[in-house]
Amino acid sequence: LPLHKVIMVGSGGVGKSALTLQYMYGDFVEEYDPTKADSYRKKVTLDGQDCQIDILDTAGQEEYAADFREQISRVLDDDSVPFILVGNKADLANSYRKVTKDEAAAKAAEWGCPYIETSAKTRLNVDEVYTELMRKIRAR
Ligand code: GTP
Ligand code: MG
């Protein structure tokens, strides 16, 4: 089966694990248990084709958060790695917002990647993020 490998990166507490667990198991985890490194694999159907998704859920890092994209492309020596910029916790009230939609959209435009707002709590756009990533990986 085709295997699509996804890596979750971003600052601590933004919801990388919650998104992964919601996608994998359809459950929202309320507790905050900082990740060391976990990986998950499951069989999925992508546009009618059986494949596997492998998700590496990394430990959050405050430092260099904005440089993740650059570092990944450099380490892999590959400028064509598909990315999606995700703004999570969209279920929370606007007063909790740390990044405006405009700021996020500007960053995504700079990186040439899509920007998607999600909620691991309500499952808003969770399947969409992983499906879109798998499509981009498949199309490489
Ligand atoms: P590290 O593993 O430390 O890097 O953190 P993380 O990015 O994996 O964050 P995690 O998924 O553990 O979520 C941190 C906290 O935010 C937990 O208490 C989650 O329940 C909460 N959380 C995650 N996603 C959402 C969301 O979409 N909405 C709300 N309201 N809370 C969320
Ligand atoms: Mg985590």
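Thresholds, definitions, all that
- Residues numbered from 1 in each chain as written.
- Chains lettered and ligands numbered in written order.
- Predicted model: local features only at pLDDT ≥ 70, side-chain atom pairs only at ≥ 80, totals over all residues.
- Heavy atoms only, no water.
- Helix = DSSP H or I, 4+ residues; strand = E, 2+ residues; numbered from the N terminus.
- Rg over C-alpha atoms; globule rule 2.2 N^0.38 Å.
- Buried < 20%, exposed > 50% of the residue type's maximum accessible area, 1.4 Å probe, protein only.
- Contact = heavy atoms within 4.5 Å.
- Areas by Shrake-Rupley, 256 points an atom, 1.4 Å probe, with all protein chains shown as cover.
- Lys, Arg positive; Asp, Glu negative; His and termini not counted.
- Charge placed at Lys NZ, Arg CZ, Asp CG, Glu CD.
- Patch = residues over 30% accessible without salt bridge, like charges linked within 9 Å, V, L, I, M, F, W, Y side chains within 5 Å.
- Salt bridge = Lys/Arg side-chain N within 4 Å of Asp/Glu carboxyl O.
- Pairing = 2+ DSSP bridges.
- Axes fitted to C-alpha atoms, helices over the stretch in contact; angles between N-to-C directions.
- Donors = N, O, S within 2.8 Å, 3.2 Å for Na, K, Ca; no water.
- Near = heavy atom within 4 Å.
- Polar contact = N/O pair within 3.5 Å; in protein donor to acceptor, adjacent residues only side chain to side chain.
- Nonpolar A, V, L, I, M, F, W, Y, C, P; charged D, E, K, R; others polar.

1. Observations regarding the overall build of the chain
Okay, so step 1: Along the chain, the regular secondary structure elements total 4 helices and 5 strands.
Okay, so step 2: Ordered by position from the N terminus, the helices and strands of the chain form the series β-α-β-β-α-β-α-β-α.
Okay, so step 3: For 140 residues, the compact-globule estimate of 2.2 N^0.38 gives 14 Å, and the chain sits close to it at 15 Å.
Okay, so step 4: Principal-axis analysis of the C-alpha atoms gives the chain an extent of 45 × 35 × 30 Å.
Okay, so step 5: Counting over 140 residues, the chain shows a buried share of 34%.
Okay, so step 6: The contacts of the chain with a sequence gap of at least 6 include a subset with a gap of at least 24, amounting to 66%.
Okay, so step 7: As displayed, the chain has an accessible area near 8800 Å², and 49% of this comes from carbon and sulfur atoms.
Okay, so step 8: Within the chain, the 24 negative side-chain charges are centred at a point lying 3 Å from the centre of the 19 positive side-chain charges.

2. Comments concerning the side chain of Thr 35
Okay, so step 1: Position of Thr 35 relative to the elements: it lies in the loop between helix 1 (16-25) and strand 2 (37-46).
Okay, so step 2: Look past the residues within four positions of Thr 35 in its chain and what remains in contact with it is Ser 17, Asp 57, Thr 58 and Ala 59.

3. Digging into a nonpolar patch on the surface
Okay, so step 1: Taken together, the side chains of Ile 7, Val 9 and Leu 56 present a nonpolar region at the surface, about 220 Å² in accessible area.
Okay, so step 2: Of note, Ile 7 is situated in strand 1 (residues 3-8).
Okay, so step 3: Assessed through its relative accessible area of 47%, Ile 7 is described here as partly exposed.

4. Digging into the sheet that holds strand 3 (residues 49-58)
Okay, so step 1: Taken in spatial order, the 3 strands line up as 1-3-2 in an open sheet, and their pairing is mixed. Because the sheet does not close on itself, it has two edges, and the strands there are strand 1 and strand 2. Neighbour-to-neighbour, the strand axes of this sheet turn through a mean angle of 20 degrees, independent of strand direction.
Okay, so step 2: Bridging between strand 1 and strand 3 involves 6 bridges; their strand directions are parallel. Across the sheet, Leu 3 pairs through a bridge with Gln 52, a residue of strand 3.
Okay, so step 3: Strands strand 1, strand 2 and strand 3 of the sheet are contacted by helix 4 (residues 126-138), whose axis makes an angle of about 125 degrees with strand 1.

5. Some thoughts on the coordination of the magnesium ion (ligand 2)
Okay, so step 1: Listed as protein donors to the magnesium ion (ligand 2) are Ser 17 (OG) and Thr 35 (OG1); their distances from the metal cover 2.0 Å. A residue pair is termed long-range when its members are at least 10 positions apart, and Ser 17 in helix 1 and Thr 35 in the loop between helix 1 and strand 2 qualify at 18 residues.
Okay, so step 2: By relative accessible area, Thr 35 is classed as buried at 15%.

6. Observations concerning the environment of Ile 116
Okay, so step 1: Inspection of the secondary structure puts Ile 116 in strand 5 (residues 115-117).
Okay, so step 2: For the pair Ile 116 and Lys 101, spaced 15 residues apart in sequence, the C-alpha to C-alpha distance is 9.8 Å.
Okay, so step 3: In contact with Ile 116, other than residues within four places in its own chain, are Ile 84, Leu 85, Val 86, Gly 87, Asn 125 and Val 129.

7. Considering the site of ligand 1
Okay, so step 1: Surrounding ligand 1, one finds 24 residues, the nearest of these being Lys 16, Val 29, Glu 30, Tyr 32 and Asp 91.
Okay, so step 2: At 2.9 Å from an oxygen atom of ligand 1 is found a main-chain nitrogen or oxygen belonging to Gly 15.
Okay, so step 3: Here an oxygen atom of ligand 1 and a backbone polar atom of Glu 30 are 2.7 Å apart.
Okay, so step 4: Alone, ligand 1 offers 650 Å² of accessible surface; in the complex the protein occludes 91% of this.
Okay, so step 5: Taken together, the residues of the shell around ligand 1 sort by class into 9 nonpolar, 9 polar and 6 charged.

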